[in-house]
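# A look at the structure
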Amino acid sequence: MSDSITDREALIDGKAFSADVRQRVAAQVAKLKEHGITPGLAVVLVGEDPASEVYVRNKGIQTREAGMNSYEHKLPADTTQEALMALVAQLNADEAVHGILVQLPLPGHLDAEAVLNAIEPAKDVDGFHILNVGLLATGQKAMVACTPLGCLMMLRDRLGDLTGLNAVIVGRSNIVGKPMAQLLLRDSCTVTVAHSKTKDLGEVCRRADILIAAVGRPRMIPGDWIKPGATVIDVGINRIEEGGKTRLVGDVDFNSARAVAGAITPVPGGVGPMTIACLLANTLTACCRAAGLPEPEGLTA
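Numbers given for residues are sequential positions, taken from 1 along each chain in its written order. At least 70 in pLDDT is required for a residue's local features to be given in this predicted model, at least 80 for side-chain atom pairs to be given and counted, and no such filter applies to totals for whole chains, interfaces and linings, which use all residues. Hydrogens and water are ignored here; the side-chain numbers use all heavy atoms of the structure.

## Considerations on the overall build of the chain
Helix and strand definitions follow DSSP, with helices as H or I runs of at least four residues and strands as E runs of at least two, each counted in order from the N terminus. Across its full length, the chain carries 11 helices and 10 strands. For a compact globule of 301 residues, the expected C-alpha radius of gyration is about 19 Å, and the chain comes in at 19 Å, within 12% of that figure. For the C-alpha atoms alone, the extent of the chain along its principal axes is close to 50 × 40 × 35 Å. Considering the chain as a whole, with its 301 residues, one finds that 49% of them fall into the buried category. Considering only intrachain contacts with a sequence separation of at least 6, the fraction spanning at least 24 residues in the chain is 68%. Only the protein chains shown count as cover for residues, and all accessible areas are computed by the Shrake-Rupley method using a 1.4 Å probe. Carbon and sulfur atoms provide 52% of the accessible area of the chain, an area that totals close to 13900 Å². In summary, the charge assignment counts Lys and Arg as positive and Asp and Glu as negative, without counting His or the chain termini. Positions of charges follow a simple convention, taking NZ of Lys, CZ of Arg, CG of Asp or CD of Glu. Where the 29 positive side-chain charges of the chain centre and where its 34 negative ones centre are 3 Å apart. Here the globule rule is a power law, 2.2 Å times the number of residues to the power 0.38, and the radius of gyration is based on C-alpha atoms. Here the term buried applies to any residue with accessible area under 20% of the maximum for its type, exposed to any over 50%, and partly exposed to those in between, with areas from a 1.4 Å probe on protein chains only. Residue contacts are counted whenever heavy atoms from the two residues lie within 4.5 Å of one another.

## Some remarks on the sheet that holds strand β4 (residues 166–170)
Between any two strands, at least two bridges found by DSSP are needed for them to pair. In space, the 5 strands of this open sheet follow the order β5-β4-β6-β7-β10, with parallel pairing throughout. The open sheet has two free edges, formed respectively by β5 (190–194) and β10 (263–264), since each of these has just one partner strand. In terms of strand pairing, β4 meets β5 through 5 bridges, oriented parallel. In the sheet register, A167 faces β5, and the bridge partner there is V191. Axes, fitted as lines to C-alpha atoms, cover a helix only where it is in contact. Angles between the N-to-C directions of the axes lie from 0 to 180 degrees. Along the sheet face, helix α8 (residues 177–186) touches β4, β5 and β6 (210–213) and points at about 170° away from the line of β4.

## What about the UniProt feature "binding site: NADP(+)" (unreviewed entry) in the chain?
UniProt positions are given in the numbering used here, feature names are shortened, and annotations may be inferred rather than shown by experiment. When the UniProt feature table is mapped to this numbering, "binding site: NADP(+)" (unreviewed entry) covers G171, R172, S173 and I237. Note that G171 resides in the loop between β4 and α8. Among the residues examined, G171 registers a relative accessible area of 2% and is labelled buried. Checked against the element boundaries, I237 lands in the loop between β7 (231–234) and β8 (238–242). On the accessibility criterion, I237 (56% relative accessible area) is exposed.

## Some thoughts on the packing of helix α7 (residues 146–159) against helix α11 (residues 272–290)
At their nearest, the axes of α7 and α11 sit 8 Å apart, and the two run at 100° to each other. It follows from the interaxial angle that α7 and α11 lie roughly perpendicular. Between α7 and α11, the residues in contact are C146, T147, L149, G150, M153 and M154 and M274, T275, C278, L279 and N282, respectively. A class-by-class count of the residues in the contact of α7 with α11 yields 7 nonpolar, 4 polar and no charged. Comment on the angle field: the value is read as roughly parallel under 35 degrees, roughly antiparallel over 145, roughly perpendicular from 65 to 115, and oblique elsewhere. In this classification, the charged set is Asp, Glu, Lys and Arg, the nonpolar set is Ala, Val, Leu, Ile, Met, Phe, Trp, Tyr, Cys and Pro, and all remaining amino acids, among them Gly, are polar.

## So, unusual backbone geometry
Following L104, the chain continues into P105 via a peptide bond in cis, with omega recorded as 0°. On the secondary structure map, P105 appears in the loop between β3 (99–102) and α5 (112–118). A cis amide bond links V267 with the next residue in sequence, P268, at an omega value of 0°. In this structure, P268 sits in the loop between β10 and α11. The backbone of S188 shows a phi angle near 65°, a positive value even though the residue is not glycine. For S188, the position within the fold is in the loop between α8 and β5.

## Things to note about the sheet that holds β3
With respect to topology, 3 strands assemble into an open sheet ordered β2-β1-β3, the strand pairing being parallel. The outermost strands of the open sheet, each flanked by one partner alone, are β2 (69–75) and β3. Along the sheet, successive strands turn relative to each other by an average axial angle of 15°, direction set aside. Sheet analysis places strand β1 (residues 40–46) next to β3, joined by 4 bridges and oriented parallel.

## Describing the environment of T138
Tracing the backbone through its elements, the reader meets T138 in the loop between α6 (130–137) and α7. The exposure class assigned to T138 is exposed, which follows from its relative accessible area of 53%. Taking the C-alpha atoms as reference, T138 lies 8.6 Å from Q182; in sequence the two are 44 residues apart. At a separation of 2.9 Å, a polar atom in the side chain of T138 contacts the main-chain carbonyl oxygen of G134. Under this definition, polar contacts are N or O atom pairs within 3.5 Å; protein pairs additionally need one hydrogen-donor-capable and one acceptor-capable atom, and for neighbouring residues in sequence, both atoms have to be side-chain atoms. There is a polar contact of 2.9 Å between the side chain of T138 and the side chain of Q140.

Structure (structure tokens):
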């Protein structure tokens, strides 16, 4: 694969973009602290899932690097529903906590939906509460899920005004596909939500000026499904065995897609780093709203 200047410019560097977002968040946090206000993020981890532990540790590190207060609550795997709900209620009432995140997945005996909907909507920095989902769907002020927010930020940065562009989202999950569609509609795109059962999926994808892959199938979308010059956002993170080694790949076949797309996110190093950056941005936004201050420019939907 060639590595010309043109090739490199076609890549949407999520690592660099997320670093810029975190710097902007830190600058806003520093201004708030001058007035005696420090945003606080509480993360709840139940059990000892290794991937979740790493993720929570990274969240804590980046939260503190941004100048925020980080509150970590690690509970045993046999924690009861009542105990977890009590902790959420405690965090809801804590004025020092502006954002609450309950790390998923939860152990099987716990009702994740009930826990997520027990979080105070204004502190729901994951954007999963049913009220925030409804507010987003009706065009009102909401907390927005981090991954779709990160995708929107990268699209605005790359393309500027999105008005009138054809956007195709492959994937209809509550975490990415559906909120992504709502965000793009708000930016006046013409939006199609497709999925693995869509008839003539390749033809649907070829009409997209913006193609967002969030279906969870490795390399499902080949280069010949992509409109020349389209912007491709690959949300997929799939672990595969290849050549005797394990590696991460996206939902898009990167090598063939890169030859066609006008811009594309790599996997890893694309959308992934934006998730924690947008979590910090959401915590900052929640803090500003709680304090009756203007929302941080460029860090919200």
